Amino acid sequence: MKECLFYTRLGDGSVRCDLCAHRCTLASGQRGLCKSRRNAGGVMVSDVYGHPCALAVDPVEKKPLAMFHPGTRCLSMACSGCNLRCLNCQNHDISQAAPCEVHSSDVSPEAMVGMALERGLPSIAYTYTEPLTYIEYVLEIARLAHRHGLYNILVSAGYVNVQPLNELAPLIDAANIDLKAFDDMIYVRQCGAHLQPVLDTLLTLKAAGTHLEITHLLIPQVNDDMTMFNAMCRWLVDNGLAGCPLHLTRFFPRYRMLDSIATPRSTLLEARDIALRAGIEHVFLGNI
């Protein structure tokens, strides 16, 4: 447990979390929507600091990052929790769980960096769930990682306020941001969130000089309208993101969408052609 950054004490024992656009207001004992941040007697604490629930060694291409030190591996780590509620979440057993509902290990920031160094891994990836919900842990690991010459990789849905992201961005060498749709109501229905903070995240990371790649999962009858997809690609190009690799990923039924169908390959091929015509320079197809 560690006191959180980015919150406001409201004077009546409640607190407001300022990490993301939900801005959860919590009475003592209550948890935020992410389930990992809690009001403990007027102090907001992170219950997952130093307690990763997942550790693995992955190819960097699995993040996915196609153009950041390809052929290398990274130490991947995650803590439980997420500030989105995606109906198709493939890691819902840890992302939608409270800390007490998952097995975790005790790993200090120093020990995490030590693991990467001992294994000769050039990067640490904050991934699998939503790393921004345990930003205090990420910040401390990332600072140590840079001191030891390691790269930091952020794999995120990008739902964060600008101030916290500005503090983290200088420490992030590469990021893959999941842009789930180019329509706010789809974000609300599918993820329990909004589009604009994610667009702001893309622009903030680009301005910070972070190597940025974008994932877009195409889900039948949810976000596979090609007029909307073309508008998304045009926005990326118009905002200086044409050179950011775009990963178009095939959906398979998961979590609360088990009755849905997998994305037809033809949809991905059509989307790839639209993206290239719009001016996206690098398009990759995933899950096919």
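The structure under discussion appears in the preceding block.
Residues numbered from 1 in each chain as written. Predicted model: local features only at pLDDT ≥ 70, side-chain atom pairs only at ≥ 80, totals over all residues. Heavy atoms only, no water.

**Student:** Please explain the overall build of the chain as it appears in this structure.
**Tutor:** Helix and strand counts for the chain stand at eight helices and 14 strands. Here the C-alpha radius of gyration of the chain, 18 Å, is about what a compact globule of 288 residues would show, namely 19 Å. Going through the 288 residues of the chain one by one, you find that 55% of them count as buried. Between the centroid of the 25 positive side chains of the chain and the centroid of its 28 negative side chains there is a distance of 2 Å. (Helix = DSSP H or I, 4+ residues; strand = E, 2+ residues; numbered from the N terminus. Rg over C-alpha atoms; globule rule 2.2 N^0.38 Å. Buried < 20%, exposed > 50% of the residue type's maximum accessible area, 1.4 Å probe, protein only. Lys, Arg positive; Asp, Glu negative; His and termini not counted. Charge placed at Lys NZ, Arg CZ, Asp CG, Glu CD.)

**Student:** Please explain helix H2 (residues 109–118) as it appears in this structure.
**Tutor:** Note that an α-helix has 3.6 residues per turn; residues three or four places apart therefore point the same way. All of the buried residues along H2 are Pro109, Met112, Val113, Gly114 and Ala116. Contacts made by the buried residues of H2 are with strand S7 (54–59), strand S8 (73–78), strand S9 (123–126) and helix H3 (135–147). (Contact = heavy atoms within 4.5 Å.)

**Student:** Hey, could you run me through the packing of H2 against H3 in this one?
**Tutor:** Describing two packed helices takes the angle between their axes plus the distance from one axis to the other. As a packed pair, H2 and H3 sit with axes 9 Å apart at the nearest point and diverge in direction by 50 degrees. One finds that H2 runs oblique with respect to H3. When the axes of H2 and H3 are compared, the crossing they make is right-handed. Residue-level contacts link Pro109, Glu110, Met112 and Val113 of H2 to Tyr137, Glu140, Ile141, Leu144 and Ala145 of H3. The class makeup of the residues in the contact of H2 with H3 is seven nonpolar, no polar and two charged. (Axes fitted to C-alpha atoms, helices over the stretch in contact; angles between N-to-C directions. Parallel < 35°, antiparallel > 145°, perpendicular 65-115°, else oblique. Left-handed = near helix turned anticlockwise from the far one by under 90°. Nonpolar A, V, L, I, M, F, W, Y, C, P; charged D, E, K, R; others polar.)

**Student:** In this structure, what is going on with the pairing of strand S11 (residues 174–178)? I would like to understand it.
**Tutor:** Note on strand geometry: in a regular strand, side chains alternate between the two faces of the sheet. The buried fraction of S11 amounts to five of the five residues, a majority that puts the element mostly inside the structure. Here S11 shows a buried face lined by Ala174, Asn176 and Asp178 and a second buried face lined by Ala175 and Ile177. Judged from the four bridges that link them, strand S10 (residues 151–156) and S11 form a sheet pairing that is parallel. From the neighbouring strand, Leu154 faces S11, where its bridge partner is Ala175. (Pairing = 2+ DSSP bridges.)

**Student:** Just checking my understanding: could you explain the packing of aromatic side chains for this structure?
**Tutor:** Pairs of aromatic rings are described using the distance from one ring centre to the other and the angle between the two planes. Tallied over the full model, the rule gives four aromatic pairs. Judged by centre distance (5.4 Å) and plane angle (80 degrees), the rings of Phe68 and Tyr151 are edge-to-face. With Phe68 in the loop between S7 and S8 and Tyr151 in strand S10, this residue pair connects regions lying 83 residues apart in the sequence. A relative accessible area of 8% places Phe68 in the buried class. On the numbers, 6.3 Å between centres and 50 degrees between planes, the contact of Phe182 with Trp235 is tilted. You can see Phe182 sitting in the loop between S11 and helix H5 (184–191) and its partner Trp235 sitting in helix H7 (residues 226–238), a full 53 residues away along the chain. With respect to burial, Phe182 and Trp235 carry one shared label: buried. Three or more aromatic residues joined by ring pairs form one cluster here, namely Tyr49, Tyr134 and Tyr137. The positively charged end of Lys2 is found above the aromatic ring belonging to Tyr49, 5.0 Å away from the centroid. (Phe/Tyr/Trp six-rings, centres within 6.5 Å; stacked < 30°, edge-to-face > 60°. Lys NZ or Arg CZ within 6 Å of the ring centre and 35° of its normal.)

**Student:** Before we go on, may I ask you to explain the pattern of salt bridges in this structure?
**Tutor:** Any two side chains of opposite charge can pair, so long as their charged atoms come close to each other. The final tally for this structure, using the stated rule, is twelve salt bridges. Of the charged contacts in the structure, one is a salt bridge between Glu136 and Arg37, with a shortest N-O distance of 2.9 Å. Linking Glu136 in helix H3 with Arg37 in strand S5 (residues 37–40), this pair joins segments that are 99 residues apart in sequence. For Glu136, a relative accessible area of 3% gives the class buried. (Salt bridge = Lys/Arg side-chain N within 4 Å of Asp/Glu carboxyl O.)

**Student:** Before we go on, may I ask you to explain empty space enclosed by the protein in this structure?
**Tutor:** Unfilled space is identified by rolling a water-sized probe across the atoms. Taken as a whole, this structure holds one cavity of 30 Å³ or more when the rule is applied. Taken as a whole, the largest cavity encloses approximately 90 Å³ of empty space. Around the largest cavity, the lining comprises 13 residues; the ones closest to its centre are Cys17, Cys20, Cys24, Cys34 and Arg37. Residue composition of the lining of the largest cavity, by class: eight nonpolar, four polar and one charged. (1 Å grid on protein atoms, 1.4 Å probe; cavity = no way out; pocket = protein on both sides within 12 Å on 5 of 7 lines; lining within 4 Å. Points joined across faces, edges and corners; volume = space filled by probe spheres on them.)

**Student:** Would you take a moment to explain the layout of surface pockets for this structure?
**Tutor:** In this model, the largest pocket occupies a volume close to 1,200 Å³. Every residue lining the largest pocket is counted, 47 residues in all, and those nearest its centre are Lys63, Pro64, Gln90, Asp178 and Thr215. Only S10, S11, H5, strand S12 (211–218), strand S13 (246–250) and strand S14 (283–286) provide two or more residues apiece to the lining of the largest pocket. Here the lining of the largest pocket is built from residues that sort into 23 nonpolar, 16 polar and eight charged.

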